[in-house]
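Fold and geometry: a report
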Amino acid sequence: MTEVQPQDTRADREALAEAQAPADRATMRERVARDLIGARQRTSLLTDCVDEADLVRQHSPLMSPLVWDLAHIANQEELWLLREVGGRESMHPEIDPLYDAFEHPRSERPTLPLLPPEQARAYGHEVRGRVLDLLDRARFSDAAFAASPQVGDAFAFGMVVQHEMQHDETMLITHQIRAGAPVLTAPRPGPAPADAFRLPADVLVPGGPFTMGTSTEPWALDNERPAHTVDVPPFYLDTTPVTCGAFAEFIADGGYEDPRWWTADGWKHRQQAELSAPLYWSRDGGQWSRRVFGRPEPVTPEEPVVHVCWYEADAYARWAGRRLPTEAEWEKAARFDPATGLTRRYPWGNAEPEVAHANLAHANLGQAFLRPAPAGSYPAGAAPCGARQLIGDVWEWTSSDFSPYPGFRAWPYREYSEVFFGPEYKVLRGGSFAVSPAASRGTFRNWDYPIRRQLFSGFRTARSAVAEPG
Ligand SMILES: [Fe+2]
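Just so you know, these numbers come straight off a predicted model, no measurement behind them. (Residues numbered from 1 in each chain as written. Predicted model: local features only at pLDDT ≥ 70, side-chain atom pairs only at ≥ 80, totals over all residues. Heavy atoms only, no water.)

Here we take up the coordination of the iron ion. Put simply, a metal with four donors set out as a tetrahedron has ideal angles of 109.5 degrees, and one with six donors set out as an octahedron has ideal angles of 90 or 180 degrees. Coordination of the iron ion by the protein is provided by His-72 (NE2), His-163 (NE2) and His-167 (NE2), with metal-donor distances spanning 2.2 Å. In terms of primary sequence, the donors binding the iron ion are separated according to H-x90-H-x3-H. You can see His-72 sitting in helix H4 (residues 66–85) and its partner His-167 sitting in helix H6 (residues 153–177), a full 95 residues away along the chain. Since its relative accessible area comes to 11%, His-167 is described here as buried. (Donors = N, O, S within 2.8 Å, 3.2 Å for Na, K, Ca; no water. Helix = DSSP H or I, 4+ residues; strand = E, 2+ residues; numbered from the N terminus. Buried < 20%, exposed > 50% of the residue type's maximum accessible area, 1.4 Å probe, protein only.)

Attention shifts here to empty space enclosed by the protein. Tallying each qualifying case throughout the model produces four cavities of 30 Å³ or more. The volume enclosed by the largest cavity comes to roughly 120 Å³. In terms of lining residues, the largest cavity is bounded by 16 residues, among which Gln-176, Arg-290, Val-292, Val-306 and His-307 are the most central. Looking at the lining of the largest cavity residue by residue, the class counts come to ten nonpolar, two polar and four charged. Volume-wise, the second largest cavity comes out at about 70 Å³. Taken together, Arg-31, Glu-217, Pro-218, Trp-219, Arg-345, Tyr-346, Pro-437, Ala-438, Ser-440 and Arg-441 form the lining of the second largest cavity. Per-class residue counts for the lining of the second largest cavity are five nonpolar, one polar and four charged. (1 Å grid on protein atoms, 1.4 Å probe; cavity = no way out; pocket = protein on both sides within 12 Å on 5 of 7 lines; lining within 4 Å. Points joined across faces, edges and corners; volume = space filled by probe spheres on them. Nonpolar A, V, L, I, M, F, W, Y, C, P; charged D, E, K, R; others polar.)

The set of residues buried in helix H8 (residues 264–272) consists of Gly-266, Trp-267, His-269 and Arg-270. The buried residues of H8 occupy an angular sector of 165° when the element is viewed end-on, so they sit on one face. With respect to the buried face of H8, the exposed residues turned more than 90 degrees away are Ala-264 and Gln-272. Here the buried face of H8 lies against helix H9 (310–319). (Arc of directions from axis to C-beta. Contact = heavy atoms within 4.5 Å.)

Moving on, we get to the confidence of the model for the protein. With 91% of its residues at a pLDDT of at least 70, the protein reaches an overall mean of 90. For the stretch residues 1–19, pLDDT sits under 50, and the model shows 31 contacts to residues farther than four places along the chain or on other chains. pLDDT under 50 marks residues 143–150. Its contacts with residues more than four places away, or in other chains, come to 23 contacts. (pLDDT = per-residue confidence, 0-100.)

It is worth spelling out the pairing of strand S11 (residues 395–402) at this point. By the criterion of burial, S11 is predominantly enclosed, with six of the eight residues buried. Strand direction decides the pairing type here: S11 and strand S12 (residues 422–429), joined by four bridges, are antiparallel. Looking across to S12, one finds that Phe-402 is bridged to Gly-422. (Pairing = 2+ DSSP bridges.)

So, about the nonpolar core. Counting residues in hydrophobic clusters, the biggest one holds 105 residues, and the most contacted among them are Phe-157, Leu-172, Phe-247 and Phe-459. In this structure, Phe-157 is in contact with Val-32, Leu-81, Val-131, Leu-134, Leu-135, Ala-138 and Phe-140, ignoring residues within four places of it in sequence. Residues Met-212, Ala-333, Cys-385 and Ala-462 belong to the second largest nonpolar core, which totals 19 residues. (Core = buried A, V, L, I, M, F, W, Y, C linked by side-chain atoms within 4.5 Å.)

Attention now goes to the environment of Asp-153. Inspection of the secondary structure assignment puts Asp-153 in helix H6. When the C-alpha positions of Asp-153 and Glu-297 are compared, they lie 46 Å apart, and in sequence the two are 144 residues distant.

When its volume is computed, the largest pocket comes out at roughly 1600 Å³. In terms of lining, the largest pocket is formed by 48 residues, of which the most central are Ala-101, Arg-106, His-167, Phe-420 and Trp-447. Sorting the residues of the lining of the largest pocket by element identifies H4, H6 and strand S13 (446–448) as the ones contributing at least two each. Broken down by element, the residue count for the lining of the largest pocket peaks at nine residues, all from H6.

A word on the sheet that holds strand S15 (residues 462–464). An order of S2-S5-S15 is seen for the three strands of this open sheet, with the pairing classed as antiparallel. Two strands in the sheet have a free side with no partner beyond their single neighbour: strand S2 (202–205) and S15. Each adjacent strand pair in this sheet contributes to an overall mean axis angle of 25°, direction not counted. Direction of pairing for strand S5 (residues 235–238) relative to S15: antiparallel, over a ladder of three bridges. Note that in S15 the partner of Phe-235 across the bridge is Ser-464. Here helix H10 (residues 327–335) sits on the sheet in contact with S2, S5 and S15, set at roughly 75° to S5. (Axes fitted to C-alpha atoms, helices over the stretch in contact; angles between N-to-C directions.)

Here the focus is the packing of helix H7 (residues 244–252) against H9. One can describe the packing of H7 onto H9 by two numbers: an axis separation of 11 Å at closest approach and a directional angle of 80°. The angle between H7 and H9 falls in the class roughly perpendicular. Contacts from Ala-246, Phe-247, Glu-249 and Phe-250 of H7 reach H9 at Glu-312, Ala-315, Tyr-316 and Trp-319. Partitioned by chemical class, the residues of the contact of H7 with H9 number six nonpolar, no polar and two charged. (Parallel < 35°, antiparallel > 145°, perpendicular 65-115°, else oblique.)

Further remarks concern the packing of aromatic side chains. The relative placement of two aromatic rings is captured by the distance of their centres and the angle of their planes. The full count for this structure, using the stated rule, is 29 aromatic pairs. For the ring pair Phe-102 and Phe-420, a centre distance of 6.4 Å and an interplane angle of 45° mean the geometry is tilted. A residue pair is termed long-range when its members are at least 10 positions apart, and Phe-102 in the loop between H4 and helix H5 (117–136) and Phe-420 in the loop between S11 and S12 qualify at 318 residues. On the basis of an interplanar angle of 65° and a centroid distance of 6.0 Å, the ring pair of Phe-140 and Phe-157 is categorised as edge-to-face. Of this pair, Phe-140 sits in the loop between H5 and H6 while Phe-157 is found in helix H6, placing the two residues 17 residues apart along the sequence. Here the guanidinium or amino end of Arg-270 rests over the ring plane of Trp-267, the centre of that ring lying 4.7 Å away. (Phe/Tyr/Trp six-rings, centres within 6.5 Å; stacked < 30°, edge-to-face > 60°. Lys NZ or Arg CZ within 6 Å of the ring centre and 35° of its normal.)

Below is the structure:
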């Protein structure tokens, strides 16, 4: 049962914007500048390390050539900031259709007359220079979510920052798919803390209502809105994401050969696609090995499993006598604080993510790690229920279809979320090691087809709890 909480009126929002002190604006300006620069550093890191041939090549029909991402990032930045906010004319109208993601599916993009790498970089550089000039004059007039169809600058800057960060993750997925000599390096995360081995397998999340979604998070996207109350019965959730070691037991027990654990569609897909292990895994004698950004290595049992599709996650959960959590369960576990009855921005509280909280791609560190951290890491980022690594490490499949919250309003355009609502997409939560803090929140929703596993996707399992007699 859900109920929509009253939203702020337009007048409230305008009053709030007017009341914003110049110091707040300066802080916002600094944050936007820092995140824009951080995003561009990551974009450069991911595109300067390969040669021209690699930039224009399509490494998989599921992905764009890297050079498309590069110019698309600049084109969207130009569209939303220079044109929508700044009121300028299109810089190169003839190329706009090439970089419209809805006009050309990924499989088609290598056939387009795309800007060559040097021109794509120069375009991005030129747009960015003009955007930084615009940022100097920004008033951040829509501190809350804008009610008008006009895009306000506070949200537009946030959307553009997140957009580039999200494409950085997309480009990192392309790097993982890419064949050829390895080009990316990063240190391995440290071992899990000593207490990781004494953690309970699962934690209880108490039943009752909580506030899901947000009406106030300034950079939240339309599908995260509005805040609404959801009553969630008590349940148990895995303390950490499912590990490679646990998943290997599922394989060894014949999990991929037993239709009992699979939905009808899942079993059909498993047979057609000949799934027998997570993507990039292979048998090496009696051991599992895998390829990580071009380097073969033994599978690490204590790391969260990654590159599994929804059907594999769901089958594992059934084999384990459990199920995937619903999206509402996941968010309640991640955000609800029973001590105060309040919903937090992040599992650890309301503070912005720091390095100790989560395995994210921190802007000041570039791409910190290129893999999830061992299960049980990041005790400082634990949720009140005791679950760890809910943000960062791996995207977590939930059992839920991608659907609008009650009171949803498409903004700033239908193609952002609305056209994807429906039973064909499943929701993922949390965010992987490739997600930037600027694009990470307890409310953030990702979605994909249940057959997809090129993304950095893992999961954790749940089981319902019978309420204690009162
Ligand atoms: Fe995009």
